[in-house]
Amino acid sequence: MSAHRSALLRKETVAEGTLALHLRKPVGFAFKPGQAIDLVLGAPELAEASRRHAFSIVSAPHESHVTIATRMRDSAFKRALAALAPGDALDMDGPFGSLTLHNNVARPACLIAGGIGITPFMSMLRHATAEKSAHRLLLIYSNRRPEDAAFLAELEDLTRRNDRFRLVATMTGMDTSKQPWSGETRRIDAPFIAGVLAEMPESIFYVVGPPAMVASVLSALEAAGVDGDYVRSEEFPGY
Ligand SMILES: Cc1cc2nc3c(=O)[nH]c(=O)nc-3n(C[C@H](O)[C@H](O)[C@H](O)COP(=O)(O)OP(=O)(O)OC[C@H]3O[C@@H](n4cnc5c(N)ncnc54)[C@H](O)[C@@H]3O)c2cc1C
């Protein structure tokens, strides 16, 4: 990994309590969709070890800036993040990680995101659409409520721009929502996965989200008979 000097360009709210940070792309910074960076804040009030947190890159390599997104929490790091103003300097270390899309376009990809686990998939989907990739892509995006679903409108737009991409958003806690929703509400269990396999056999599965969500989806994949060799996953600790 190598350290790069960067700065905050602007912040954007992308769902309830969820912030995207658009960062200056350091000269020569190159990454693959699905990779992450460590964001290192100069905040003197933070202990050395708490200044650094990992974030998947939301933006695609062709974009002029680097975007990350996170759920805002009352942690010391997130408070320092919230206090950043446009122009403030920060460091990014990386890129790192191997959760990148497989090369064989004959095999479909089933991307399964829990909440903020959507971040690496945004980069992959923006890239695949810009490159007119032949990959068949299905995104299963699970949130409690539409209010929590970052980038949902953009994902719907991507389905119109990329006919190889299909989106199934599922809202598993609609009783707590103030917004209407007429789509899927099931949790991702073995019958849900069986439906995916019927539609897209030979899929390679990618699962990203909070640890409990990832564990539950991995169990569902196993119960549905998916070979573990074709499953890749990444947990976001701290949720
Ligand atoms: C490869 C990778 C990509 C990630 N991408 C994103 C992303 O795109 N968006 C996003 O919001 N978050 C992402 N995360 C998680 C992120 O790094 C933070 O852990 C998360 O945002 C919680 O930070 P916090 O300040 O709210 O909690 P903290 O106060 O830092 O931590 C809350 C709890 O989680 C534990 N914890 C935190 N970080 C780790 C860790 N790395 N390993 C083990 N335990 C830990 C702490 O010990 C504490 O108990 C990613 C993590 C990894 C490893």
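Check the entry above for the structure.
Computed from a predicted model, the values in this text were never measured in an experiment.

Q: For this particular structure, what's the right way to read the nonpolar core?
A: General note: in soluble globular proteins, nonpolar side chains tend to be found buried as a group. Leu111, Ile118, Phe121, Leu125, Leu139, Tyr141 and Leu155 are the most contacted members of the largest nonpolar core, which totals 34 residues. Broken down by element, this core gets its largest block of residues, 5 residues, from helix H2 (residues 119-130). Residues lining this core come from more than one domain, with at least three contributed by each of domain 1 (2-96) and domain 2 (109-235). Apart from the residues lying within four places of it in its own chain, the contact partners of Leu125 are Leu111, Leu137, Leu139, Leu155, Leu158 and Phe165. Counting residues in each nonpolar core, the second largest holds 21 residues, with Leu21, Phe31, Leu39 and Leu46 among its members.

Q: Explain the pairing of strand S3 (residues 36-40) to me, please; I cannot follow it from the model alone.
A: As a general feature of sheets, a regular strand has side chains that alternate between the two faces. Within S3, 5 of the 5 residues are buried, leaving the element largely enclosed by the surrounding structure. Residues of S3 alternate between two faces, with Ala36, Asp38 and Val40 on one and Ile37 and Leu39 on the opposite face, all of them buried. Note: S3 against strand S4 (residues 52-56), 5 bridges, orientation antiparallel. Looking at S4, one finds that Ile37 is bridged to Phe55. Bridge analysis of S3 against strand S6 (residues 89-96) gives 4 bridges, and the strand direction is antiparallel. Looking across to S6, one finds that Asp38 is bridged to Asp93.

Q: Any chance you could explain the pattern of salt bridges here in plain terms?
A: If the charged atoms of two oppositely charged side chains come close together, the side chains can form a pair. Tallied over the entire structure, the rule returns 15 salt bridges. Ionic pairing is found between Arg51 and Glu48, a salt bridge with its closest N-O pair at 3.7 Å. Of the residues examined, Arg51 reaches a relative accessible area of 19% and is grouped as buried. As a salt-bridge pair, Arg186 and Glu184 come within 2.8 Å of each other at their nearest N and O atoms. Judged by relative accessible area, which is 41%, Arg186 ranks as partly exposed. Accessibility expressed as a relative area gives 24% for Glu184, which makes it partly exposed.

Q: Would you mind showing me how to read the sheet that holds S3 here?
A: Sheets are built from strands that pair by backbone hydrogen bonding, the pairs being arranged parallel or antiparallel. One open sheet holds the 6 strands; their spatial order is S4-S3-S6-S1-S2-S5, and the pairing between them is antiparallel. For this open sheet the edge positions go to S4 and strand S5 (65-71), each flanked by a neighbour on one side alone. Across this sheet, the average inter-strand angle for adjacent strands is 40 degrees, counted without regard to direction. Across 6 bridges, the pairing between strand S1 (residues 2-15) and strand S2 (residues 18-24) is antiparallel. Looking at S2, one finds that Thr13 is bridged to Leu19. Relative to S4, helix H1 (residues 76-83) is tilted by about 70 degrees, and along the sheet it contacts S1, S2, S3, S4 and S5.

Q: Even after reading the chapter, I still don't get the site of the ligand, so can you show me in this structure?
A: Taken together, 18 residues lie near the ligand, and His53, Thr70, Ser75, Pro237 and Tyr239 sit nearest. One of the backbone N or O atoms of Ala54 is found 2.7 Å from an oxygen atom in the ligand. Note that an oxygen atom of the ligand is positioned 2.9 Å from one of the side-chain N or O atoms of Lys78. Coverage of the ligand by the protein amounts to 63% of the 900 Å² it exposes when considered alone. Judged by the fraction of its atoms near the pocket grid, the ligand is located in the second largest pocket. If you list the elements that add at least two residues to the shell around the ligand, you get S4, S5 and H1. Looking at the shell around the ligand, the element that brings in the most residues is S4, giving 4 residues. Here the shell around the ligand is composed, by residue class, of 8 nonpolar, 6 polar and 4 charged.

Q: What exactly am I supposed to notice about the layout of surface pockets here?
A: Rolling a probe over the atoms, with the probe sized like a water molecule, indicates the empty space that remains. Estimated volume of the largest pocket: approximately 620 Å³. Considering the residues around the largest pocket, the lining is formed by 22 residues, among which Gly114, Gly115, Arg144, Pro210 and Met213 are closest to the centre. Contributions of two or more residues to the lining of the largest pocket are made by strand S8 (137-143) and helix H5 (211-223). The residue inventory of the lining of the largest pocket, partitioned by class, reads 8 nonpolar, 7 polar and 7 charged. Mapping the lining of the largest pocket onto the domain boundaries places at least three of its residues in each of domain 1 (2-96) and domain 2 (109-235). Taken as a whole, the second largest pocket spans an internal volume of roughly 400 Å³. Secondary structure elements with two or more residues in the lining of the second largest pocket: S4, S5 and strand S11 (231-235).

Conventions adopted
- Going along each chain's sequence as written, the residues are numbered from 1 onward.
- It should be noted that, the model being predicted, local features are given only for residues of pLDDT at least 70 and side-chain atom pairs only at 80 or more, the latter also being counted only at that level, while totals for whole chains, interfaces and linings use all residues.
- For the side-chain quantities, the full set of heavy atoms in the structure was used; hydrogens and water were omitted.
- Take the buried residues of types Ala, Val, Leu, Ile, Met, Phe, Trp, Tyr and Cys, join any two whose side-chain atoms come within 4.5 Å, and each joined set is a nonpolar core.
- Each residue gets one of three labels from its accessible area relative to the maximum for its type: buried under 20%, exposed over 50%, partly exposed in between, using a 1.4 Å probe on protein chains only.
- Secondary structure counts use DSSP, requiring at least four H or I residues in a row for a helix and at least two E residues in a row for a strand, with both numbered from the N terminus.
- In this document the domain limits rely on a domain assignment from an automatic tool or a database.
- Two residues form a contact once any of their heavy atoms are found within 4.5 Å.
- Note: two strands are recorded as paired if DSSP finds a minimum of 2 bridges between them.
- A pair is scored as a salt bridge if a Lys or Arg side-chain nitrogen falls within 4 Å of a carboxyl oxygen belonging to Asp or Glu.
- The convention used is that axes are lines fitted to C-alpha atoms, helices contributing only their stretch in contact, and that angles between N-to-C directions extend from 0 to 180 degrees.
- Being near a molecule or strand, for a residue, comes down to having at least one heavy atom within 4 Å of it.
- Here a polar contact means two N or O atoms within 3.5 Å. Within protein one must be a hydrogen donor candidate and the other an acceptor candidate, and residues neighboring in sequence count only if both atoms are side-chain atoms.
- Accessible surface is estimated by sampling points in the Shrake-Rupley manner with a 1.4 Å probe; for residues, cover comes only from the protein chains shown.
- Grid spacing is 1 Å over the protein atoms alone, the probe is 1.4 Å, and a cavity is where that probe fits but cannot get out, while a pocket is an open set with protein on both sides within 12 Å along at least five of seven lines and lining residues have an atom within 4 Å of a point.
- Put plainly, a molecule is in a cavity or pocket when over half of its atoms are within 2 Å of the grid points there.
- Ten residues, namely Ala, Val, Leu, Ile, Met, Phe, Trp, Tyr, Cys and Pro, are considered nonpolar, four, namely Asp, Glu, Lys and Arg, are considered charged, and the remaining ones, Gly among them, are considered polar.
- Grid points are joined across faces, edges and corners, and a volume is the space filled by probe spheres set on the points.

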